[in-house]
Structures are given as structure tokens and as C-alpha cells.
Amino acid sequence: MQGKKTYQEKLFNSFRLSERVPQDNFYRLLKGVLDLNFLYVQTKSYYGDSGQKSIDPVVFFKLCLVGYLENIISDRKLIQHCSMRLDILYFIDYDLDEELPWHSTISRTRQLFPESVFEEVFTKVLSMCIEKGMVSGHTQAIDSAPIKANASMDTLELKVPEEDLQAHLRKVRVFSSMDKETPHRKSKGDKSDRGQRIVTASKKELGAIQSRNKKWSTDQDQRPGSGNKGSKYTSNKTHYSPTDPDARISVKPGKARKLNYLSQLSVDTASHVITDIRAYHADGRTINNCQI
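Here's what I pulled together on the structure shown here. All values reported here derive from a predicted model rather than from experimental measurement. Within each chain, residues carry numbers counting from 1 in the order of the written sequence. Given that the model is predicted, a residue must reach a pLDDT of at least 70 before its local features are reported, and side-chain atom pairs must reach 80 or more before they are shown or counted; all residues, however, enter totals for whole chains, interfaces and linings. By convention in this description, side-chain values take in all heavy atoms of the structure and omit both hydrogens and water.

Helix 7 (residues 103-112) packs onto helix 5 (residues 75-83) with a crossing angle of 125° between their chain directions and a minimal axis gap of 8 Å. Judged by the inter-axis angle, helix 5 sits oblique to helix 7. Crossing angle aside, the handedness with which helix 5 passes helix 7 is right-handed. In this structure, helix 5 contributes Asp-75, Arg-76 and Ile-79 to the contact, and helix 7 contributes His-103, Ile-106, Ser-107 and Arg-110. Grouping the amino acids of the contact of helix 5 with helix 7 by side-chain chemistry returns two nonpolar, two polar and three charged. Angles here are taken between N-to-C directions and fall from 0 to 180 degrees, while the axes themselves are lines fitted to C-alpha atoms, restricted in helices to the stretch in contact. Under the DSSP-based scheme used, a helix requires at least four consecutive residues in state H or I and a strand at least two consecutive residues in state E, with every element numbered from the N terminus. Roughly parallel covers angles under 35 degrees, roughly antiparallel covers those over 145, roughly perpendicular covers 65 to 115, and oblique covers all other angles. A clockwise turn of the near helix away from the far one marks a right-handed crossing, whereas an anticlockwise turn of less than a right angle marks a left-handed crossing. Any two residues whose heavy atoms approach within 4.5 Å are treated as being in contact. Ten residues, namely Ala, Val, Leu, Ile, Met, Phe, Trp, Tyr, Cys and Pro, are considered nonpolar, four, namely Asp, Glu, Lys and Arg, are considered charged, and the remaining ones, Gly among them, are considered polar.

Structure, rendered in C-alpha cells:
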């Protein structure tokens, strides 16, 4: 006889989350070995003694880890994803009827903690991996990749030389019909210092920029993303980003110019454990066929 499933929500449920997550589930196994309780002492100084309670710092870092493991870069999508996964809820110690933190809380907490706290978590987890024999220390594989900065090419501004700005740059730089002395989109604030706003390139370097600009004026329009106004005729020698002064203009073959950072990663080949990660300026290097 053919069966037909009908759904009717129960008023009362007898449900235990721990019984629904398999014993061999990855997040269940990870929860059993990952002890982040040291964070309560490490982060205590960043909170006041009154007001509403914050998100649990252990929960925050576990959510960050889930975002990395699940390849989710949006805090909003991360919370939505976690709310649909029983194993992740069990991993972060939330029950079915508990409301997860707001995505904006994740963003604000990330800004609250300094870099040293994140480094301490990384060092602690790495030491745990070493204690478990997951790091041999014999062979390290190093790779790097450009990471897109949270800044628009349209807000780029001209660097100011020690002498007259307009007279100096018109001698060394080719202006297109779409290029203007003012940025295409004004940034809300300028976070750069005086050193980042000053032209430090030599006459030889600026002359090379002029030659490249003439060549790019013919082939840049054929690249994907070249419709971005700020992607044309720009250089780190003559432009800076007021929104993110540490970001640098870089380009890979066949791609449009963008504001990037350069991330370099070191991995122990025994169990593929990350042993070091650094962020560098995206200029002055040629790595992984990335021309800058």
C-alpha cells in the first residue's frame, strides 16, 4: 500500500541535539578536541563591567572557524548557514530553540579584538596540532595569492609631489578622456598619512609608468572588468586609496587592475596544517604569475 507522509508540528517535542549528531561527524569530533576556554581570560580586558552581555568569545571564534571551513565570507550568510546545520549548532553549544547572534554582532566583535588575540588563537591551535603529531616539521609548502581589498578603484586619488602637483604629473602621466584630477567617487574619509599621499617615485620610474600607460590604452579595454573607470591608467607610484591606504594596485595576466593585498601561506605537508600566514602589500612582488 502506498504511503503518504503528512507533517503536523508537535506542541511538545522530546529532542536532544547530541543524539542527532553522528559520533563520527567532523564538528562533533572537533568539539571534543578543541578547547578555547583560555579566551575568557585573554579577552576579559576588552569588556566592561556593566551593560548587556556580549557574544561568548569562544562562540565567536568557533563561528569564525566555521566560516573558514565552509568557505563563507559573509557574516549574514554564515549565521543563516549555521541555523540550518544541527552539527554546527552542537559545535557552538546552541540548542534548536536558541537564537543565534546577529550577523552585525559578529562584525563588531571582529573589530573589537586586536590582532594579538587572533594570533594567540592561531598559536594555541597550532600547538595543539603539534602535540597531536599532526605537524612533522620536515617539509613546508609555501603559496601566495592576491586578496581583494575592501576598497574601490573609483575612489583612488592622485599622490601629491613635493612640488606642484598638476604640473609635475602632466609631464609623466597620460590622461584618458575618462580620467580626471578628482576621483570618480569621493571616499567618506581619508585614512592615509602624509607619507602615503606623497609621490616618492623617481623620474625613471614615472617615465616607465608613462610608457606602460600608452600600451594599456590599447589592450586594457579587452580585459574582464576593464569597465571599472578606476582600473585604467593607474599606478601605485601616482595613486593611493584614501579608504584603505595599505591596499595596493595589482594585476594578474588577463585580469583588470584591482586593489589587493598579498596573502602568503605556509603549510606542513604531513597533515596539511597551516603553520604560518602573513599579509603583505601587493606591490613589489611577482609570485604565482601575478604581475604587479
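Having seen it, we continue.
This paragraph deals with the packing of aromatic side chains. Only the six-membered ring of Trp is used, alongside the rings of Phe and Tyr, when aromatic pairs are assigned; centres must lie within 6.5 Å, and planes under 30 degrees apart are stacked while those over 60 apart are edge-to-face, with the rest tilted. A full pass over the atoms with the stated rule returns nine aromatic pairs. Ring centres 6.4 Å apart and planes at 75° place the aromatic pair Phe-60 and Phe-118 in the edge-to-face group. Within this pair, whereas Phe-60 is found in helix 4 (residues 57-69), its partner Phe-118 is found in helix 8 (residues 115-131), the two being separated by 58 residues in sequence. These aromatic residues form a ring-pair network of at least three members: Tyr-46, Tyr-47, Phe-60, Phe-61, Phe-113 and Phe-118. Lys-62 extends its terminal NZ or CZ atom over the ring of Phe-91, reaching a point 4.9 Å from the ring centre. Definition used: whenever NZ (Lys) or CZ (Arg) falls within 6 Å of the ring centre and also within 35 degrees of the ring normal, the charge is taken to sit over that ring.

Okay, the environment of Leu-96 next. Along the chain, the position of Leu-96 falls in the loop between helix 6 (86-91) and helix 7. C-alpha of Leu-96 to C-alpha of Leu-86: the two residues are ten residues apart in sequence and 8.0 Å apart in space. Apart from the residues within four sequence positions on either side, Leu-96 is in contact with Phe-15, Leu-86 and Leu-89.

Another point: the pattern of salt bridges. Definition used for salt bridges: Asp or Glu carboxyl oxygen within 4 Å of a side-chain nitrogen of Lys or Arg. Tallied over the full model, the rule gives seven salt bridges. The salt bridge involving Glu-19 is made with Arg-16; its shortest N-O contact spans 3.7 Å. For each residue, the accessible area found with a 1.4 Å probe, counting protein chains only, is set against the maximum for its type, and the residue is called buried under 20%, exposed over 50%, and partly exposed in between. The exposed category is assigned to Arg-16, whose relative accessible area is 54%. With its nearest N and O atoms 2.7 Å apart, the salt bridge here joins Lys-31 to Asp-93.

Here we come to the packing of helix 4 against helix 7. The geometry of helix 4 relative to helix 7 is characterised by a closest axis approach of 11 Å and an angle of 105° between their N-to-C directions. Relative to helix 7, the element helix 4 is oriented roughly perpendicular. Facing helix 4, whose interface residues are Phe-60, Leu-63 and Cys-64, helix 7 presents Ile-106, Thr-109 and Arg-110. Counted by class, the contact of helix 4 with helix 7 contains four nonpolar, one polar and one charged residues.

The next thing to look at is the environment of Thr-234. Summarising the element assignment, Thr-234 is placed in the loop between helix 11 (203-219) and strand 3 (239-240). On the basis of relative accessible area, Thr-234 is assigned to the buried category, the value being 5%. A sequence separation of 24 residues divides Thr-234 from Lys-258, and the C-alpha atoms of the two residues are 9.9 Å apart. Each residue touching Thr-234, except ones within four places of it in the same chain, is listed here: Met-153, Leu-156, His-239, Ile-249 and Arg-257.

Before going further, it helps to examine the nonpolar core. We call a set of buried residues a nonpolar core when its members are Ala, Val, Leu, Ile, Met, Phe, Trp, Tyr or Cys and they connect through side-chain atoms within 4.5 Å of each other. Judged by nonpolar contacts, the single largest core of 30 residues is most densely connected at Phe-61 and Leu-63. Among the secondary structure elements, those contributing two or more residues to this core are helix 2 (26-33), helix 4, helix 5, helix 6 and helix 8. Among the elements that make up this core, the one with the highest residue count is helix 4 (six residues). In contact with Leu-63, other than residues within four places in its own chain, are Ile-55, Leu-78, Ile-79, Cys-82, Ile-92 and Ile-106. One finds Met-153, Leu-156, Ala-247 and Ile-249 within the second-largest nonpolar core, a separate group that totals seven residues.

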